[in-house]
Each structure stands twice: as structure tokens, then as C-alpha cells.
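Structural overview for review
One letter stands for each residue in the lines below.
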Amino acid sequence: MSKSMELILRNEIFAELDIEYPKDHDTRLLDQGIDSAGFIKLIVLMESKFNISIPDEDLLFENFSTPGLILNYLTEKTL
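In short, a report on the structure. (Residues numbered from 1 in each chain as written. Predicted model: local features only at pLDDT ≥ 70, side-chain atom pairs only at ≥ 80, totals over all residues. Heavy atoms only, no water.)

Okay, the packing of aromatic side chains next. What the rule picks out here adds up to 4 aromatic pairs. Residues F39 and F61 carry aromatic rings whose centres are separated by 5.3 Å and whose planes lie at 65 degrees to one another, so their mutual orientation is edge-to-face. Placement of the pair is F39 in helix α3 (residues 36–50) and F61 in the loop between α3 and α4 (67–78), with a sequence separation of 22 residues. With relative accessibility at 13%, the residue F39 sits in the buried group. Owing to a relative accessible area of 21%, F61 belongs among the partly exposed residues under this scheme. Aromatic pair F39 and F64: ring centres 6.1 Å apart, planes at 50 degrees, arrangement tilted. Of this pair, F39 sits in helix α3 while F64 sits in the loop between α3 and α4, and the two are 25 residues apart along the sequence. On the basis of relative accessibility, which here comes to 0%, the residue F64 falls in the buried class. Among the aromatic residues, ring-to-ring pairing joins F39, F61, F64 and Y73 into one connected group. (Phe/Tyr/Trp six-rings, centres within 6.5 Å; stacked < 30°, edge-to-face > 60°. Helix = DSSP H or I, 4+ residues; strand = E, 2+ residues; numbered from the N terminus. Buried < 20%, exposed > 50% of the residue type's maximum accessible area, 1.4 Å probe, protein only.)

As C-alpha cells, this is what we get:
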């Protein structure tokens, strides 16, 4: 996982979602206040900021339910 990737996630994406970036990468985003509209915005922001396309079959909340899972997904997609 790239530190710059985490900085973009924290300082740009989570800031735009108005969600506090948790210290623990296993903190569930539902506990941070993300809802279904926030999830869609998260996906759109990730695609835009990291210049990736997330296929429909990957669009399951379970794949992006924690910062750790998001960073793992981004690492795989941007390699």
C-alpha cells in the first residue's frame, strides 16, 4: 500500500465525503456514518482520483467497508 494512496484517500476522498478518517484501518465505514449515497460518492471519487474504473461486479459494500479493504482494492487496481 502506498502512503500517497492513503493520503489521497484521507485528505481528499474522506474529506469530500465529510467522514473522519479512522486511525484503525478495520473501522467499518457504516460506523463512520457513510450511507448508500455516500457509498456511491466514494466509488465515483475513487474512480476519479485514482483514474480507475470499478466494474459492476466489484460494486459490493463488503469490498469497500473499511479503509483497509479500500486501500487493498486500490493497490490491486493500480498495480
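Looking now at the nonpolar core. I13, L42, M46, F64 and I70 are the most contacted members of the largest nonpolar core, which totals 22 residues. At the level of secondary structure, the elements contributing two or more residues to this core comprise α1 (3–17), α3 and α4. Among the elements that make up this core, the one with the highest residue count is α3 (6 residues). Once you skip the residues sitting within four places of it in the chain, I70 turns out to touch L9, L29, L42, M46, N63 and F64. (Core = buried A, V, L, I, M, F, W, Y, C linked by side-chain atoms within 4.5 Å. Contact = heavy atoms within 4.5 Å.)

This next bit is on the packing of α1 against α4. One way to put it is that α1 packs onto α4 with a least axis distance of 10 Å and a crossing angle of 120 degrees. By the angle class used here, α1 and α4 are oblique. Considering how the two elements wind past one another, α1 and α4 form a crossing that is right-handed. Side by side, α1 and α4 meet where M5, E6, L9 and F14 of the first sit next to P67, I70, L71, L74, T75 and T78 of the second. Across the contact of α1 with α4, the residue classes break down as 7 nonpolar, 2 polar and 1 charged. (Axes fitted to C-alpha atoms, helices over the stretch in contact; angles between N-to-C directions. Parallel < 35°, antiparallel > 145°, perpendicular 65-115°, else oblique. Left-handed = near helix turned anticlockwise from the far one by under 90°. Nonpolar A, V, L, I, M, F, W, Y, C, P; charged D, E, K, R; others polar.)

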